[in-house]
Amino acid sequence: MFNFLFRPPEFGDIYFRVKEVRVLFDFCTECNQTQRIYLREFSKMDFSDFCLAHVFTYRDFPQGIQGLAWRSTFCRRVYNTGFTTLLNHQVCQKYRQHEVMALV
């Protein structure tokens, strides 16, 4: 099911592989005040074996920010992290497949 959702035909030969899925319960519950703190706390985890670690969350961050990532750090040993939230101004956002691909 995952490969079906994330390999739309309009992207041709571009795809990604999921190496591991982790479910984080009660992660950084005090980090809702800013998205930068949330990203910084997530980046403290060891993801050196991965090109990218990405969190999909359901938090309402200030200023309508729906995602954040470190720039130019893809496949580096540190700061290879980002997040996307599905909640914006207390409204659940529904993404189409190509929008999720662009976020990852």
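Let me sum up the structure you'll find in this document. In this text the structure is predicted, and so the values were computed from the model without any measurement.

Reading the values: rules and limits
Residues numbered from 1 in each chain as written. Predicted model: local features only at pLDDT ≥ 70, side-chain atom pairs only at ≥ 80, totals over all residues. Heavy atoms only, no water. Core = buried A, V, L, I, M, F, W, Y, C linked by side-chain atoms within 4.5 Å. Buried < 20%, exposed > 50% of the residue type's maximum accessible area, 1.4 Å probe, protein only. Helix = DSSP H or I, 4+ residues; strand = E, 2+ residues; numbered from the N terminus. Contact = heavy atoms within 4.5 Å. Disulfide = S-S within 2.5 Å. Pairing = 2+ DSSP bridges. Phe/Tyr/Trp six-rings, centres within 6.5 Å; stacked < 30°, edge-to-face > 60°. Lys NZ or Arg CZ within 6 Å of the ring centre and 35° of its normal. Arc of directions from axis to C-beta. Patch = residues over 30% accessible without salt bridge, like charges linked within 9 Å, V, L, I, M, F, W, Y side chains within 5 Å. Areas by Shrake-Rupley, 256 points an atom, 1.4 Å probe, with all protein chains shown as cover. Salt bridge = Lys/Arg side-chain N within 4 Å of Asp/Glu carboxyl O.

So, about the nonpolar core. Core analysis: the biggest nonpolar cluster contains twelve residues, these being Phe27, Cys28, Cys31, Tyr38, Leu39, Phe42, Phe47, Phe50, Ala53, Val55, Phe61 and Phe83. For this core, the secondary structure elements donating two or more residues are α2 (35-43) and β1 (53-57). For this core, the element with the most residues is α2, which contributes three residues. Residue contacts for alanine 53: discarding those within four places in its chain leaves Phe42, Phe47, Asn80, Thr81 and Gly82.

The term disulfide refers to a covalent linkage connecting the sulfur atoms of a pair of cysteines. A full pass over the atoms with the stated rule returns one disulfide. Here cysteine 51 pairs with cysteine 75 through a disulfide, and the sulfurs are 2.0 Å apart. Handedness of the cysteine 51-cysteine 75 disulfide follows from its S-S torsion of about 100°: it is right-handed. One end of the pair, cysteine 51, is in the loop between α2 and β1; the other, cysteine 75, is in the loop between β2 (67-69) and β3 (81-85), and 24 residues separate them in sequence. Exposure remark for cysteine 51: the relative accessible area of 37% places this residue in the partly exposed category.

Moving on to the pairing of β1. By the alternation rule, side chains of β1 split into Ala53, Val55 and Thr57, which are all buried, and His54 and Phe56, of which none is buried. Sheet topology places β1 next to β3; five bridges connect them, and they run parallel. Bridging from a neighbouring strand, phenylalanine 56 pairs with threonine 84 of β3.

Aromatic ring pairs are reported here in terms of the distance separating the ring centres and the angle at which the planes meet. As enumerated under the stated definition, the model contains eight aromatic pairs in all. If you follow lysine 19 out to its NZ or CZ, it ends over the ring of phenylalanine 50, 5.2 Å from the centre.

This part covers α2. The complete set of buried residues in α2 reads Gln35, Tyr38, Leu39, Phe42 and Ser43. Projected onto a plane normal to the axis of α2, the buried residues spread over an arc of 130° and lie on a single side.

Notably, aspartate 26 is not glycine yet its phi reads approximately 55°, a positive angle. Mapped onto the fold, aspartate 26 is located in the loop between α1 (2-5) and α2. Judged by its relative accessible area of 69%, aspartate 26 falls in the exposed class. Of note, the phi angle at cysteine 75 is positive, near 65°, even though the residue is not glycine. For cysteine 75, a relative accessible area of 41% translates into the label partly exposed.

On the surface, a cluster of nonpolar side chains totalling about 460 Å² of accessible area is made up of Val18, Val21, Val23 and Phe25. The partly exposed category is assigned to valine 18, whose relative accessible area is 37%.

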